[in-house]
Amino acid sequence: MRIHIIHNPKAGKLLGNVGEELILALIHQGHRVSYYPTTGNMDAAKEAKKQCDLQEVDLILAAGGDGTLNEVTNGIMYSEKKLPIAPFAGGTSNDFCSYLKLPDNPQEYARYLTKKAKPHCIDIGKVGQRYFINVVACGMLSEVAHKTDSQLKSVLGSFAYYIEGLKEIITRGLYNNIEVQSKDFHYKGEFVVFLVSNSHTIGGFKNLAPDASINDGYLNVLLIKKAPFVNLLDIAMNLDKGAHVSNPYVDYFTTKDLCVITDSQMDVDGEHLFYQKSNIQVIAGELECYY
Ligand SMILES: [Mg+2]
């Protein structure tokens, strides 16, 4: 195949020379490879759209974290002539690749892409005019995910989120307001975490949206409302197992679209954006993805 790598060389700096290793490993597997290192915000999106318009390659390999993957997805979706995407986990936060259980070693990945991976038409989401491949989140979890330093995150794993999150709640009473409206659901009030997810892996948690699937034509919505501390603790301790969804202060459902009004920042595949009022919808089966 003719593979064009769009790589964020600043993502996951500690991983060595990922770009070079990927290029060599893919050439070794018999592919024709071109390479583009990104330099700034939305550069990956522009490059992906350009490649789609040109149609000179067969596949765009997005190497970086969830943010890079988000930009490449947007670039592809905004082109009239879409190319398939192949995500490679090359960042500090790789929720989507980890949901797909993709190898994160360049040599193994090149073998996997060549011998095992197949193209699948997957769902993505759209918030306002921005596409997302994994999740739109707001409230404490996304605040905490941005605040928790990555060293602490890698040492403690998801436990770092509990500690930081609960600390925030106890010390500051960090609640935001939200109004959520969908076909069968309405809530207006204070909340702790709200997310609309395509996959089930969010912020390192593998079961945050327990049965979410990128092939079912629906988005999964999780709302953790303001709750007494013991209930928040119970929710936090059950996040890893996915048992938090049965807590009485948690709403969990699937939908094709919804409207959200909030005073909290939104985290779109790991990037902070501000939408006071937003429509969120599923775009079913429109992105071709290799996994
Ligand atoms: Mg789904």
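Along each chain, residues carry numbers from 1 onward, in the same order as the chain's sequence is written. Local features in this predicted model are restricted to residues of pLDDT 70 or higher, and side-chain atom pairs are both shown and tallied only at a pLDDT of 80 or more, whereas totals for entire chains, interfaces and linings draw on every residue. Side-chain measures were taken over the full set of non-hydrogen atoms in the model, leaving aside hydrogen atoms and water.

As for the overall build of the protein
- Secondary structure summary: the protein contains nine helices and 15 strands in total.
- Think of it in three bands: with a 1.4 Å probe and only protein chains considered, a residue is buried below 20% of the maximum accessible area for its type, exposed above 50%, and partly exposed in between. A burial count over the protein gives 56% of its 291 residues as buried.
- Contacts are residue-level and defined by heavy atoms, with any inter-residue pair within 4.5 Å sufficient. In the protein, of all internal contacts separated by at least 6 residues, the share reaching a separation of at least 24 is 73%. A run of H or I in DSSP counts as a helix once it spans at least four residues, and a run of E counts as a strand once it spans at least two, with each numbered from the N terminus.

What to know about the coordination of the magnesium ion
- Every protein donor of the magnesium ion is accounted for by Ser 213 (O), Asp 216 (OD) and Tyr 218 (O), and the metal-donor separations fall at 2.1 Å.
- Sequence positions of the donors to the magnesium ion reduce to the motif S-x2-D-x1-Y.
- What makes Asp 216 partly exposed here is its relative accessible area of 34%. Only N, O and S atoms count as donors, using a 2.8 Å limit from the metal and a wider 3.2 Å limit for Na, K and Ca, and since water is excluded some coordination spheres may look unfilled.

Overview of a nonpolar patch on the surface
- Residues forming no salt bridge and having over 30% relative accessible area are the ones grouped into patches, like charges within 9 Å of each other and nonpolar side chains (Val, Leu, Ile, Met, Phe, Trp, Tyr) within 5 Å. Only the protein chains shown count as covering a residue, and every accessible area follows the Shrake-Rupley method with a 1.4 Å probe. Think of a salt bridge as a Lys or Arg side-chain nitrogen and an Asp or Glu carboxyl oxygen that are within 4 Å of each other. Taken together, Phe 229, Leu 233 and Met 237 make up a surface patch of nonpolar side chains, about 260 Å² in accessible area.
- Positionally, Met 237 belongs in helix 9 (residues 229-238).
- By relative accessible area, Met 237 is classed as partly exposed at 46%.

Things to note about the pattern of salt bridges
- Going through the model one piece at a time under the given rule, you end up with six salt bridges.
- In this structure, Lys 225 and Asp 251 form a salt bridge, with 2.6 Å as the shortest nitrogen-oxygen distance. Pair noted here: Lys 225 is in strand 10 (residues 219-225) and Asp 251 is in strand 11 (residues 250-255), with a separation of 26 residues, a long-range link. Judged on exposure class, the residue Lys 225 and its partner Asp 251 are both buried.

A word on the packing of helix 2 (residues 43-54) against helix 3 (residues 66-77)
- Angles shown run from 0 to 180 degrees and are taken between the N-to-C directions of axes, each axis being a line fitted to C-alpha atoms and, for helices, limited to the stretch in contact. Helix 3 packs onto helix 2 with a crossing angle of 35° between their chain directions and a minimal axis gap of 7 Å. Read as a crossing pair, helix 2 and helix 3 show a hand that is right-handed. Between helix 2 and helix 3, the contacting residues are Asp 43, Ala 44, Ala 45, Ala 48, Lys 49 and Cys 52 on the first element and Thr 68, Glu 71, Val 72, Gly 75 and Ile 76 on the second.
- In this classification, the charged set is Asp, Glu, Lys and Arg, the nonpolar set is Ala, Val, Leu, Ile, Met, Phe, Trp, Tyr, Cys and Pro, and all remaining amino acids, among them Gly, are polar. Class assignment of the residues belonging to the contact of helix 2 with helix 3 gives a composition of six nonpolar, two polar and three charged. What makes a crossing left-handed is the near helix being turned counterclockwise from the far one by less than a right angle; a clockwise turn instead makes it right-handed.

Considerations on unusual backbone geometry
- Within the chain, Met 42 stands out as a residue other than glycine whose phi angle is a positive 70°.
- Its place among the elements puts Met 42 in the loop between strand 2 (32-37) and helix 2.
- Take Met 42: its relative accessible area is 25%, and that puts it in the partly exposed class.
- Positive phi values are uncommon outside glycine, yet Gln 55 reaches one of about 55°.
- Looking at the secondary structure, you find Gln 55 in the loop between helix 2 and strand 3 (59-64).
- Of the residues examined, Gln 55 reaches a relative accessible area of 36% and is grouped as partly exposed.

Description of the side chain of Thr 201
- Note on placement: Thr 201 falls in the loop between strand 9 (185-197) and strand 10.
- Under this definition, polar contacts are N or O atom pairs within 3.5 Å; protein pairs additionally need one hydrogen-donor-capable and one acceptor-capable atom, and for neighbouring residues in sequence, both atoms have to be side-chain atoms. Polar contacts involving the side chain of Thr 201 include one to the side chain of His 200, which spans 3.1 Å.
- When sequence neighbours within four positions are dropped, the list of residues in contact with Thr 201 reads Asp 95, Ser 98, Tyr 99, Asn 134 and Lys 206.

Thoughts on the pairing of strand 9
- In terms of burial, strand 9 is a largely internal element, 10 of the 13 residues being buried.
- Strands pair, by our definition, only if DSSP identifies at least two bridges between them. Summarising the sheet, strand 7 (residues 135-139) and strand 9 pair through five bridges and their orientation is antiparallel. When the sheet's bridge partners are listed, Val 135 is paired in strand 9 with Ser 197.
- The hairpin turn running from strand 8 (residues 176-182) into strand 9, its antiparallel successor, is two residues long.
- Sheet topology places strand 9 next to strand 10; six bridges connect them, and they run antiparallel. Residue Val 196 lies in a different strand from strand 10, and its bridge partner there is Val 221.

So, the state of the cysteines
- We call a pair of cysteine sulfur atoms a disulfide when they lie within 2.5 Å. This model, assessed by the stated rule, comprises zero disulfides.
- As a non-bridged cysteine, Cys 97 has Cys 289 as the owner of its nearest cysteine sulfur, 8.3 Å distant.
- Overall, the relative accessible area of 4% leaves Cys 97 in the buried class.
- Cys 121 takes part in no disulfide bond, and the closest cysteine sulfur to it belongs to Cys 289, at a distance of 10.0 Å.
- Among the residues examined, Cys 121 registers a relative accessible area of 52% and is labelled exposed.

Shape is all these values report; function is a separate question.
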